[in-house]
Each structure stands twice: as C-alpha cells, then as structure tokens.
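Per-entry structural report
Below are the chains, spelled out letter by letter.
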Amino acid sequence: MVTTRLLPWLLTVVSVTACGGSMDRGQGSGGQSRLNGDATAGDQGGGSGCDPKDAKCVPSDVGGTVADGGDTGGTGPSAGGGSAGGNEGLGGFGPGGTGQYPGHGFVVHEWGTDTIVVGSDGSLQRGLHHEEEDLPAFVYDRLRAGTSIGAGNPASPSVTIKMETPVAYFYSDKPLSIRAQVSFPQGVLTQWYPGVASFLPAIAAPGAAGAGGPLSFADPALDPSFPFLTETCREHWSTVAGGELNWGDISVLARGTDVSSMLPAAPLAQFTWDYARAVDANPLVLPNGEAERFLFYRGLGDFDLPVQVTQGKGSLILANKLQAAIGSVFAINVDAARGVFTTFPQGIAAGSELVMSAPSLERGEALDQYQDKLGSAVTSALDATGLYHDEAVAMVNTWKRQWFRTPGARLLYVIPQVWTDSSIPLTIQPKPDAVLRVMLIRVEVITPEQEADDVAALKVLETTPATGEAYFKGLGRFAEPRLRRALDLYYSKAGLVFLSTIQGANTSVASGE
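We now turn to the structure provided with this report. This structure is a prediction, so every number in the text was calculated from the model and none was measured.

1. Concerning the overall build of the protein chain
Counting its regular elements, the protein chain contains 9 helices and 21 strands. Within the protein chain, the fraction of its 513 residues that count as buried is 59%. Approximately 18,900 Å² of the protein chain is accessible, and the part contributed by carbon and sulfur atoms is 53%.

Structure below.
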C-alpha cells in the first residue's frame, strides 16, 4: 500500500490537460504547519591516483587491519588552513586535522555519499529506495521517500543509486543574503530540510488523472500504481529524472550567532542528524523562520557510476572509467564480531584499474578496535580532500554505524568533484569564492559466497516460505537488491512473489550492533 501525506506547501498548478487534469510543481509557502513523516562552481581536480603497474602502488595494510592515515592521493587542494584544533570530542576520530575556515571570504563546503549494490559480476542491483537511517519528522519529503518504485510492474523503473545525506555548509565573514538550488538530472530528490521554495518533478493534484483519481496528492514519479490516462503521460511524468530543489532566499547569519533555540529537536539517541550540526559553519535562516546549520537533501537515481567493480577469485577489480583520478579507496569486511579493512591512499589513476585482495576476516579485529582505526583513517582521508576537520568528523560520525559495522563486504572511495558537479549541479548566488564538494561512494559488494547463500535461501523459500522470508528480511535495506541478484542466478516463482511484497517496504537494517 502506498502511503501519502499532504506536503505543507501552496501549489502552483501547471496545466497538463492531455493527461486529464493538473500536475503541481511544489511551491514553498513557508511551511508553517508540517505533518509528521519520514523522511556551482569549483573543480576539486584530482590526485595523481594509483596505477597498478607502478611498484609504489601498494595498499597500506598491516595485518589486514591497520590503515595509513597519511597522504590520501588528494582529490583537491585544501581549502582549509588555519591553526590546529579539531573537534576530537565529537567522536574521537582523526588525529586533529588543521583544516578550518580561514576567517575571510564566502566559502561553501558539502559532503555526502552515494550507495550502490553490485553482484559478483559487477552488475548494479536495483531496489535501493529502502531507508537505512531514520530522519527526524521535521524533514520534508515528496510524499514518502520509501514509496515503492517498480512494485507490481517488473518493467517499471527502479533505482540503482541512493544519494544519501549530502549537507552543504556556508561560511562567511559577514552576513549574506543568498539563493541556492540543487539539481539531479538523472534522479529525483526525495527529502530535504529546510523547506524549499519549489521542487521538481511535479506531484499530482487531486483529480489529475480524471475521474479515476488520484483522490489526494500523489507522486507520479515514484508511485508505479499512479493511474495515468495514457502511455504518453506515463512516459512523460513517471521517469526518475529531472530532480530539482530551489530554496530561494536564504539568510547566512553572522558567525557565532546562536540559533540553538530555533533548531528543531533531533536527539542523538534516535537520530544521527545532530552530528552534522557539530560544525563551525554560519547558521542559516529562511523567510519562513526555519533555521539550520546546513542545507540537507537526499535522492534516488538510475545511472551508472564511473568505477566498475568486479570480483575474481579472492580479489576485487576496480576500473576507473573517468578521465580524472579517484581518491582514497577503502576495502572493508565485517561480521557481527570482527572487522578488517585495507586502504589504498593513492586511489586509482584516470582510466586505470586497481586490483586488490579482498580483506580476510581471518585477520579481523574486535569491532570497537577495528572501528576506531578505520574511523581515524577515513577522517584523515576526508581531511586531505580539503574538508574542514570538524566536517570530516561529522561525516564519519553520521555514517560510522552503516559504513563500519553493518555486516558485509564493501568499498568506499572518494569521487572527484568534476563528477559531482556534472551529476548533481549546485548553484549558489552570489557565486562563492570557493566551493568544495566531497562525495564518498559506498559500494556494497555481494560476494560469490553470499550469492550462494542467497540462492540457497531462495530454494528454501519455495518449500518453507517463513524460513526463506525471514532470511531475506534479516538483510534489512539490502533484502531487495540481494533477492534480485539471487533471482538473476536462479528462477523462482515464489521468489518473484516475495519480491513484490518487499520492494515497497520501508525496511530497517540489521546493523550488527
């Protein structure tokens, strides 16, 4: 069942009479009454990268667990500088980076992560619209971010990319009035805060499809059951593309302005939201009175990433298709009790491959010890991109549970800003003196062993449905992509039926914590 809620904006009607009614572009009215729900400029350049033919291209790996937190191959010059003194108290990760706002100029920094799931053959697996981290109720969404994509129609689009938690910070030595907009040409932006002045693609007003419905506001882009009158209308309005958020006017307040009483509550006991607030950026206030320390957005997309990941016997092959270097690469393996990682600080040179041995849990360490080492290493790598140190700490603290402790094999790598700017354009007026955007790609790798287990569970599902279903539900947000991959390897009518029941579910992850 698709759950919807009325978004708290006035709506400007755009006539689409050929489709039997009206479609609405969200138009911000100030968001005074919010209902409960879930949730450019600059070129970072590239580091020298890592060419596997170079004898110096070696991983930093001591016993398979200790990473070198030194030079990360730099995906851009530091925009920081200033004196030492990071926020180690925010989580203890990192050696205390020197990056901080220099105290002059208009600077914008952003960090975020994209998540994909790949099979052992490198195939992208669909079904990443399920949520992993709950968002506070004050966060806006398009109706419901967990809306099923593809449910009941295997030919409908689904998503291969989950863009998660990009946050943009603003720094200025004087108060400013700015305008901000972010676009997602190959995806839909599903959640954001503070409230925007307008958004695309359009949502449907009641009666937009004639007498057949919908009876309330609905989302033709993300709801495969939307009652389009014609295939032409479906092709035009149901694509996962053309995402846009326009915040309109934003006041960047003076540095040090205390807005704590204006910030909506997001207790750390329940949400990771407050980690992103622990950054020395200028506070922001919108005309509707909403205040925050950053702009937040999240989205779903359907496109390929430039690094292809395939597996050999005990090895991983990462092929960089970009004409720019990939930054630091981390290979991670973790179960309920142990974790191990390997880091490749020099990344992957443009057009090159990185071949690595998959980290073995035989050399794994206890979770807490492994997490501390990995957290420090990733924080150092983020420091080296030019993020200010408290930003790097905030990013690691926000995602450490999912990155470091969720059982499975995964890769993390820093993608160059030229890719981010072209894939998710960010427009700020007036133009900042400097813009740094650091996107970390998270690749969940389905190993051949996992594929064998998943196929075995698929066979069990045919004879003992409750047992088979419990197995896949235990995979949390990755149940759908794992099941889809198993179905690629083994046809199962019972599996297809079960897929239709979970692909619209808002599942929670079993993190192993």
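2. A few points about the sheet that holds strand E17 (residues 353-357)
Taken in spatial order, the 3 strands of this open sheet run E13-E14-E17, and their pairing is antiparallel. Here the strands that pair on one side only, and so sit at the sheet edges, are strand E13 (307-312) and E17. On average, each strand axis in the sheet is tilted by 20° relative to the strand beside it, whichever way the strands run. Direction of pairing for strand E14 (residues 315-320) relative to E17: antiparallel, over a ladder of 5 bridges.

3. Re the nonpolar core
Membership of the largest hydrophobic core comes to 97 residues, with the highest contact counts inside it found for Tyr169, Phe170, Trp247, Trp273 and Leu318. With 8 residues, strand E21 (residues 434-445) is the single largest residue contributor to this core. Beyond its immediate sequence surroundings of up to four residues, tryptophan 247 is in contact with Ala180, Val182, Trp192, Tyr193, Pro194, Gly195, Val196, Ala197, Leu286, Leu295, Phe296 and Tyr297. If you look at the next biggest cluster of nonpolar residues, it comprises 13 residues, including Ala457, Leu461, Ala479 and Leu499.

4. Considering the packing of helix H6 (residues 448-463) against helix H9 (residues 493-502)
Packed helices, taken two at a time, are described by the angle their axes make and the gap between the axes. Following both chains from N to C, one finds H6 and H9 inclined at 95°, their axes separated by 8 Å at the closest point. Of the possible angle classes, the one that applies to H6 and H9 is roughly perpendicular. Contacts from Leu458, Leu461 and Glu462 in H6 reach Lys493, Ala494, Gly495 and Phe498 in H9. For the contact of H6 with H9, the class distribution of residues is 4 nonpolar, 1 polar and 2 charged.

5. Remarks on the packing of aromatic side chains
Going through the model one piece at a time under the given rule, you end up with 15 aromatic pairs. Between tryptophan 192 and phenylalanine 199, the ring centres sit 5.5 Å apart and the planes meet at 40°, which makes this aromatic pair tilted. The two residues tryptophan 192 and phenylalanine 199 agree in class, both being buried. Directly above the ring of tyrosine 490 sits lysine 459, whose terminal nitrogen or CZ lies 5.2 Å from the centroid.

6. Overview of helix H3 (residues 367-385)
Taking 1.5 Å of rise per residue, 19 residues should cover 27 Å, and H3 covers 27 Å from first to last C-alpha, within 8% of that figure. Downstream of H3 by a residue or two, glycine 386 has a phi angle that is positive, lying close to 110°.

Quick notes on the rules
- Residues numbered from 1 in each chain as written.
- Predicted model: local features only at pLDDT ≥ 70, side-chain atom pairs only at ≥ 80, totals over all residues.
- Heavy atoms only, no water.
- Helix = DSSP H or I, 4+ residues; strand = E, 2+ residues; numbered from the N terminus.
- Buried < 20%, exposed > 50% of the residue type's maximum accessible area, 1.4 Å probe, protein only.
- Areas by Shrake-Rupley, 256 points an atom, 1.4 Å probe, with all protein chains shown as cover.
- Pairing = 2+ DSSP bridges.
- Axes fitted to C-alpha atoms, helices over the stretch in contact; angles between N-to-C directions.
- Core = buried A, V, L, I, M, F, W, Y, C linked by side-chain atoms within 4.5 Å.
- Contact = heavy atoms within 4.5 Å.
- Parallel < 35°, antiparallel > 145°, perpendicular 65-115°, else oblique.
- Nonpolar A, V, L, I, M, F, W, Y, C, P; charged D, E, K, R; others polar.
- Phe/Tyr/Trp six-rings, centres within 6.5 Å; stacked < 30°, edge-to-face > 60°.
- Lys NZ or Arg CZ within 6 Å of the ring centre and 35° of its normal.
- Expected span 1.5 Å × (residues − 1).

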